[in-house]
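# Structure assessment
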Amino acid sequence: MPRASMPYHARRVNGGSVRLGIDFGTTRTVVAAADDGRYPLVTFDVPSGFVDHVPGLAVEGQRGLLFGWDARAALAGGGAAVRSIKRRVGTGFPDDDLAELDVSALDLTTGFLAHLRQMIVERGNLEIAPGEELEAMVAVPANSSSRQRYLTLEAFRAAGFQVVGMMSEPTAGAIEYAFRNKNVLSARSPKRYVVVYDLGGGTFDTSAISLTSGEFELITTEGIPRLGGDDFDEVLLGLALDEAGIDPRSLGAAQRVGWLEACREAKETLGPRSRRLLVDPCTLPDLEPIVVDAAVLYAACQPLVDRTLVELDRVFAHLSRYGIDPDDHKVLGAIYVVGGGAAFPSVQKTLR
């Protein structure tokens, strides 16, 4: 990525604090600032240039536990590693020890969020004065368990953020939709609800959100706790290793994470007309890039995509319980598609 000048400098807000919206994601975490009705993304200065996210990686390096872009750079050195921190800690209890890094789920999450806070203050494009508080509105999956919410809240607080609220990710998506389409909230609009299809890196949620109350009330929700872009990466990894004749059991922890990151990067180059993709494993520099047929990848991932449609159908089936005719398209604002995993071309094709 070429280097560029800082694209935005947000002003101080709220008389002594900076208000942020934070999407603590599986693959990447994104931060937006609230500034007089504008919500610019925070960008971070890293060796490759300016980026708008922090990857959810942790690597045990020579200087201790590294996170984000620092962890990404350390993958080639081998050692213990965790990819998709949010997904890794999401199935157990906060005090559970993670065998990969000999650290608890809560401590790992706190360490990542403390790194994120440091990135915002020291390497971000916000003008933050010494001693200013960072207030955070945090988004969580709609179907996250109470212990996941507790872990997230405690980790943000321990990392130095002042959490002012939590909302479900589909509700956040509905608010974004309404912000971009203000006419749907007008008194004359027939639109009563929006359905958010949220396929992220590690989870899938789909929810119907009311547009009539002005408070974006959740009508009904369905989801799959462990389905997202990470699973597409795993499928691609299997195809690439098979093509290269490599036994998956021969990969060390950091090597495997490096391979999966290479698969994610290759996947994100795909467009509607792509015929093939190149997987270039940075953890094995002597290996030539591996060519994978895009149609083979799509076919292998289609059962995963089909599972999301089952959940989407269930949301529409529930609507009649709330006095909404799911066949009346005039009252549906949109099926609003969000999440990094939803950019996968076969998802877009299947939804259409």
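In this text, all values refer to a predicted model and were calculated from it rather than measured experimentally. Counting starts from 1 at the beginning of each chain's written sequence and moves along it residue by residue. Residue-level local features of this predicted model are given only where pLDDT is at least 70; pairs of side-chain atoms are given and counted only at 80 or more, and the full residue set underlies all totals for whole chains, interfaces and linings. Values reported for side chains reflect all heavy atoms of the structure, with hydrogen atoms and water molecules removed beforehand.

## Examining helix H6 (residues 229–244)
Put simply, the rule reads: By the criteria applied, helices consist of DSSP H or I runs no shorter than four residues and strands consist of E runs no shorter than two, each listed in order from the N terminus. The span expected for a helix works out to 1.5 Å for each residue beyond the first. Type-normalised accessible area, obtained with a 1.4 Å probe on protein chains alone, sets the label of each residue: buried when under 20%, exposed when over 50%, and partly exposed for intermediate values.
A rise of 1.5 Å per residue sets the reference length of H6, with its 16 residues, at 22 Å; its end C-alpha atoms lie 22 Å apart and thus fit the reference within 8%. Gly229, Asp230, Asp231, Phe232, Asp233, Leu236, Leu237, Ala240 and Leu241 are the residues of H6 that are buried. Backbone geometry just after H6 places Gly245 at a positive phi near 70°.

## Overview of a negative patch on the surface
Going by this rule: Any residue with relative accessible area above 30% and no salt bridge may belong to a patch, with like charges joined within 9 Å and the nonpolar Val, Leu, Ile, Met, Phe, Trp and Tyr side chains within 5 Å. Values of accessible area rely on a 1.4 Å probe in the Shrake-Rupley scheme; residue burial ignores everything except the protein chains shown. Salt bridges are defined as contacts in which a side-chain nitrogen from Lys or Arg sits within 4 Å of a carboxyl oxygen from Asp or Glu. By the counting rule applied here, Lys and Arg register as positive and Asp and Glu as negative, while His and the ends of each chain are not counted. Charge coordinates come from a single atom per side chain, which is NZ of Lys, CZ of Arg, CG of Asp or CD of Glu.
Negative charge collects at one region of the surface, where Asp95, Asp96, Asp97, Asp102 and Asp107 lie side by side. Position of Asp95 among the secondary structure elements: in the loop between helix H2 (85–89) and strand S9 (97–98). Residue classification places Asp95 among the exposed positions, given a relative accessible area of 64%.

## Some thoughts on the pattern of salt bridges
One pass over the full model with this rule turns up 22 salt bridges. Between Glu268 and Arg264 there is a salt bridge, and its shortest N-O distance comes to 3.1 Å. Here Arg264 falls in the buried class, since its relative accessible area comes to 9%. Each of the salt bridges in this network shares a partner with another, and the network as a whole consists of Arg28, Arg72, Arg83, Arg87, Asp230, Asp231, Asp233, Glu261, Arg264, Glu265, Lys267 and Glu268.

## Comments concerning the packing of aromatic side chains
Rules: Aromatic contacts are taken between Phe, Tyr and Trp rings whose centres are within 6.5 Å, Trp giving its six-membered ring; a plane angle under 30 degrees counts as stacked, one over 60 as edge-to-face, and the others as tilted.
Under the counting rule described, the total for this entry stands at nine aromatic pairs. With a centroid separation of 5.3 Å and 55° between ring planes, the pair formed by Tyr177 and Tyr336 is classed as tilted. Taken as a pair, Tyr177 in helix H5 (residues 169–180) and Tyr336 in strand S18 (residues 332–338) lie far apart in primary sequence, 159 residues in all. In this structure, Tyr177 and Tyr336 share a single accessibility class: buried.

## With respect to the nonpolar core
Keep this limit in mind: Nonpolar cores are built from buried Ala, Val, Leu, Ile, Met, Phe, Trp, Tyr and Cys residues. Side-chain atoms within 4.5 Å join them into one set.
Judged by nonpolar contacts, the single largest core of 42 residues is most densely connected at Tyr193, Trp259 and Val279. Counting residues per element, this core draws most heavily on helix H8 (residues 294–318), which supplies nine residues. Core analysis: the second largest hydrophobic core is formed by 38 residues, Phe24, Val54, Leu106 and Leu134 among them.

## As for the side chain of Asp198
For the record, the criterion: Two residues form a contact once any of their heavy atoms are found within 4.5 Å.
Residue position: Asp198 is located in strand S13 (residues 193–199). Buried and unpaired, Asp198 has no salt bridge, with Lys86 as the nearest side chain of opposite charge at 7.7 Å. If we skip the residues at most four places from it in the chain, Asp198 touches Glu169, Pro170, Thr203, Phe204, Asp205, Val338 and Gly339.

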